[in-house]
Each structure stands twice: as structure tokens, then as C-alpha cells.
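This is what each chain is made of:
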Amino acid sequence: MDFKLTEERQMLQDGLRRYLADNVTHESEARATETDTGHDSALWGGLTEMGLPGAMFTEEQGGFGGAGFDIMVAFEELGRAGAATPLIESALLAGGLLAEAGRSDEVEQIIAGRVIGFAHGEPASRYDLERVETRARKTGEGWHLSGQKAVVHHAPAADALVVSARTAGELDAQDGLSLFLVPTDQLSLRSYPLYGGGRAAEVTLDCTVPQEALVGAEGGGFPMIERANARAAAAQCAEALGLMETIKSLTVDYLRQRRQFGQPIGKFQALQHRMADVLIEIEQARSAVINLCGHLEAERDERELHVSATKNLIGRAGRLVAEEAIQMHGGIGMTQEYALGHFAKRLTMVDHRFGDADYHLERFIRLAAA
């Protein structure tokens, strides 16, 4: 596996780092969370002009990237800046599903900056992708959808959602799941801010959509959802890596500047040892993310094994990095005015998307045994 970035990815990384450094602060992210959409629309417009959504799709789909390492480059930089954007939801989840179903018109719109969300998780589903209670039944007018979706990220910013619903099968069966593209003006949304930045919504469905709203084959949605979820989990892990890098930099700078007993506290051996542990964990996390992004196109069992292994490691490493950084900063690390608090909150919440460390440890054991 070649760890060096291609010329195109290096250009994407450099351009993103400069643009985000000039346009994102923890104060601007806090203000954006309080808006109706939950993200900075001007920032999203600038990222779209740079072609960032297009980097999540292959050339055949209308983009210019789409590989695991394109995802890693983009989301590590978003993590370094602590920026909350709808890129995972719109390009990787909804966009990935629409692209696989051959819906090229919607994919083109997403690349141009349109936000389409993905509503899959439910109040009782926890992290199990196959557990879906929402139902879709055929009517003379198309499909009638009824049910509830929980914590739908960036739903307040979306004008449509790709919604999963059961057209056949039992509550936790993989077969019988279908996907539908539903305008948000036909749905009931209850919006709220997220702890780590951005907004989500609880979504209630009781509407009828036309036949052409069906995305892909009827009842064949689960494999598509699992593939899109794997790419989204890789993106979340890469974002966590960028967050850890920024937290490390903030902590190193603080250890150099804060003085006690006439010298920087970074010279105290106990703090040096703790910082060394942080550096080791971050390097292990980087290796795991590289490994996962290199296996996103592997066969299902191998791919999902790497998803769970990486998500478990990122969850454990992220917790250690956040806790150690706050403890080494002392009281200032807990204040809203200091950037560390924003990054630590976002890193903490990474573990709760797409399965936490405990869930993926158990899943890894099951997959490995199988």
C-alpha cells in the first residue's frame, strides 16, 4: 500500500487546509450551530466551489475522486478545522446511495452543493442497520411512508431526505428494506443543536410519495446502506484523526507557554510521558484509518471487519486524547472561550456515530468468528 498522496490529493489537502484556516474558528462554528441550518452556508458554498463534494464521487458518477484516500484527505482537514458540514450526509450517505441506484441527476445536484440528508436510524434501533420499523406500503398514488427517524444529522439544512423503510420482512431482517427520496416539506421535523456542533432533527413520516421516489430495487436497500455506512464511518474516523491532531497541537503549545516554578510545564517529566502516550495513540489511529480507507473496496466481510476494528480503536484513542488534553490544560480547557473545548466535544461525539467502541468490539468478535 502506497502511503504517499498523489499530486491531486496533495493539492486538495493544501487547498482545504488554507481555506479552512482562513474561514473557520470555534466561535464561527458556535454561531453556525445556532442558525436554522446548523452550518455556515457561506463556508459550504466555498467548499462546493472548491469541488469538495465532487471528490467523494468517482469519475463515472460525475466526480473526480471517490476512493478511500480521497475521503481521508478531505475529512482529516475538516477535522483539523473543527468544521461541521453536511458532507458525510449529503455526499457519502445520500449521495452514495443515489449514485449506486443510478440517480445521476440528484448526484449532479449534490456535487453542485445541494444538501440531501439520510434518515435511517430510529429511536429503538441503536446502531443496528437492519432494525427498521418505518413502513412503506404501495397505494394507488405510489408509496405511503409511516414511522419515525431519530437524530437525522443536517436534516434542517436538507431539502430532501433519502429515507429507509421496510416494504417486507420482520423488524430486524436485512431483506425487505427499501429506500425513498422524500422532500422535507412533506415531513415533520423537530430540529435541535448537537453537542459537537451542527444540528439534527427527529423526523416523523406520514406521507405518500410517487412511485419514482423509490431509490434502487424494492427490498434491496440493506447492502447499499451497509456500503454507504462503511464509507461514512471511514470519513468519521478520518475527521477524528484531524481533531486529534489539532488537540495535540493546542496542548503542545500550551505546555510550552504555561510556566510554573520559573520554567515551562512542558519540561516536567510526568507531563512529557503523558504527551508521549497521546502521540503514540494518534499514530496508531492514523495507521488504522489508512488501513480502513485502503479496504473500502474489499469484499463485504473483510471491509466490515476493518470498519469495526478502526471504529473501536478511534473511539478508545479519541477518549484518551480528549481527556489527557483537558487534564494537561487544567481549568482553561473547560471554558467556552478556548478552542480546545470545541474540538474535545466534537471528538467525544465521534464515538457515538456509526457505532461506539463497545458496539464495534462486539461486532468485530462476531465477524472474526464467522
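Caption draft 1: Structural detail: the overall build of the protein. When helices and strands are counted, the protein shows 11 helices and 10 strands. The C-alpha radius of gyration computed for the protein amounts to 21 Å, which stays within 12% of the reference 21 Å derived for 370 residues, consistent with globular compactness. Seen through its C-alpha atoms, the protein measures out along the principal axes to roughly 80 × 45 × 40 Å. Counting only residues that meet the buried cut, the protein has 55% of its 370 residues in that class. Within the protein, counting contacts between residues at least 6 apart in sequence, those at least 24 apart form 73% of the total. For the protein, the accessible surface area stands at approximately 16,600 Å², while carbon and sulfur atoms represent 49% of it. Distance between charge centres in the protein, computed from 36 positive and 54 negative side chains, equals 6 Å.

Caption draft 2: Representation of the side chain of Arg 199. Mapped onto the secondary structure, Arg 199 falls in strand S7 (residues 199-209). Glu 34 provides the closest opposite charge to the buried, unpaired Arg 199, separated from it by 4.8 Å. Engagement of the side chain of Arg 199 in a polar contact is seen with the backbone oxygen of Thr 33, the distance being 3.0 Å.

Caption draft 3: Quick look at the nonpolar core. Membership of the largest hydrophobic core comes to 109 residues, with the highest contact counts inside it found for Met 56, Phe 75, Leu 145, Leu 161, Val 162, Phe 180 and Met 244. It is helix H7 (residues 221-257) that contributes the most residues to this core, 19 residues altogether. Ignoring any residue separated from it by four or fewer positions in sequence, one finds Val 162 in contact with Ala 94, Leu 97, Leu 98, Ile 116, Gly 117, Phe 118, Ala 119, Leu 179, Phe 180 and Leu 181.

Caption draft 4: Local environment of helix H5 (residues 87-100). At Ala 94, H5 is deflected by roughly 30°, the largest bend along its length. For H5, a buried count of 12 out of 14 residues is recorded, marking the element as mostly surrounded by other parts of the structure. All buried positions along H5 are accounted for by Leu 87, Ile 88, Glu 89, Ser 90, Ala 91, Leu 92, Leu 93, Ala 94, Gly 95, Leu 97, Leu 98 and Ala 99. Backbone geometry just downstream of H5 places Gly 102 in the positive-phi region, at approximately 80°.

Caption draft 5: Structural context of the pattern of salt bridges. Per the counting criterion, the structure on display carries 24 salt bridges. Its salt-bridge partner being Arg 300, residue Glu 226 comes within 2.7 Å of it at the nearest N-O pair. Of this pair, Glu 226 sits in helix H7 while Arg 300 is found in helix H9 (residues 300-329), placing the two residues 74 residues apart along the sequence. Residues participating in the shared-partner salt-bridge network are Arg 17, Glu 76, Glu 77, Arg 80, Glu 245, Lys 248 and Arg 286.

Caption draft 6: Expanded view of the pairing of strand S2 (residues 135-139). Strand direction decides the pairing type here: S2 and strand S3 (residues 142-153), joined by 5 bridges, are antiparallel. Bridge assignment links Arg 135 to a residue of S3, and that residue is Ser 146. What sits between the antiparallel neighbours S2 and S3 is a turn of 2 residues.

Caption draft 7: A look at the packing of H7 against helix H10 (residues 339-350). Running from N to C, H7 and H10 point in directions that differ by 150°, and their axes come no closer than 9 Å. Judged on the interaxial angle alone, H10 and H7 are roughly antiparallel. In this structure, H7 crosses over H10, and the sense of that crossing is left-handed. Touching Gln 236, Glu 239, Ala 240, Leu 243, Met 244, Thr 246, Ile 247 and Leu 250 of H7 are Ala 339, Leu 340, Phe 343, Ala 344, Arg 346, Leu 347 and Val 350, all from H10. Partitioned by chemical class, the residues of the contact of H7 with H10 number 11 nonpolar, 2 polar and 2 charged.

Caption draft 8: Inspection of the side chain of Thr 33 at higher detail. Looking at where Thr 33 falls in the secondary structure, it is placed in helix H2 (residues 26-33). A polar contact of 3.1 Å, which involves the side chain of Thr 33, links it to the backbone nitrogen of Gly 198. Sequence-distant contacts of Thr 33, defined by excluding residues within four places in its chain, comprise Gly 38, Pro 193, Gly 197, Gly 198 and Arg 199.

Caption draft 9: Focus on unusual backbone geometry. If you check the backbone angles, Arg 126 has positive phi at about 55° while not being a glycine. Tracing the backbone shows Arg 126 in the loop between strand S1 (116-119) and S2. Here Val 151, not a glycine, exhibits a phi torsion of approximately 50°, which is positive. Positionally, Val 151 belongs in strand S3.

Caption draft 10: The pairing of S7, seen in detail. Burial of S7 is extensive: 8 of the 11 residues sit out of reach of the surface. Counting the residues in the hairpin turn of strand S6 (residues 188-193) and S7 gives 5 residues, including Gly 197, whose phi is positive at 110°.

Caption draft 11: Expanded view of the packing of H7 against helix H8 (residues 269-293). The contact between H7 and H8 brings their axes to 10 Å, and the two run at 160°. On the basis of the axis angle, H7 is roughly antiparallel to H8. At the point where H7 passes H8, the crossing takes the left-handed sense. Mapping the contact onto sequence places Ala 234, Cys 237, Ala 238, Leu 241, Met 244, Glu 245, Lys 248, Thr 251, Val 252 and Leu 255 in H7 and Leu 271, Met 275, Leu 279, Ile 282, Ala 285, Arg 286, Val 289, Leu 292 and Cys 293 in H8. Here the contact of H7 with H8 is composed, by residue class, of 15 nonpolar, 1 polar and 3 charged.

The rules behind the values
Residues numbered from 1 in each chain as written. Predicted model: local features only at pLDDT ≥ 70, side-chain atom pairs only at ≥ 80, totals over all residues. Heavy atoms only, no water. Helix = DSSP H or I, 4+ residues; strand = E, 2+ residues; numbered from the N terminus. Rg over C-alpha atoms; globule rule 2.2 N^0.38 Å. Buried < 20%, exposed > 50% of the residue type's maximum accessible area, 1.4 Å probe, protein only. Contact = heavy atoms within 4.5 Å. Areas by Shrake-Rupley, 256 points an atom, 1.4 Å probe, with all protein chains shown as cover. Lys, Arg positive; Asp, Glu negative; His and termini not counted. Charge placed at Lys NZ, Arg CZ, Asp CG, Glu CD. Salt bridge = Lys/Arg side-chain N within 4 Å of Asp/Glu carboxyl O. Polar contact = N/O pair within 3.5 Å; in protein donor to acceptor, adjacent residues only side chain to side chain. Core = buried A, V, L, I, M, F, W, Y, C linked by side-chain atoms within 4.5 Å. Bend = angle between axes of the 7 residues up to and from the residue. Pairing = 2+ DSSP bridges. Axes fitted to C-alpha atoms, helices over the stretch in contact; angles between N-to-C directions. Parallel < 35°, antiparallel > 145°, perpendicular 65-115°, else oblique. Left-handed = near helix turned anticlockwise from the far one by under 90°. Nonpolar A, V, L, I, M, F, W, Y, C, P; charged D, E, K, R; others polar.

Take it as geometry only, folks, not as evidence of what the structure does.
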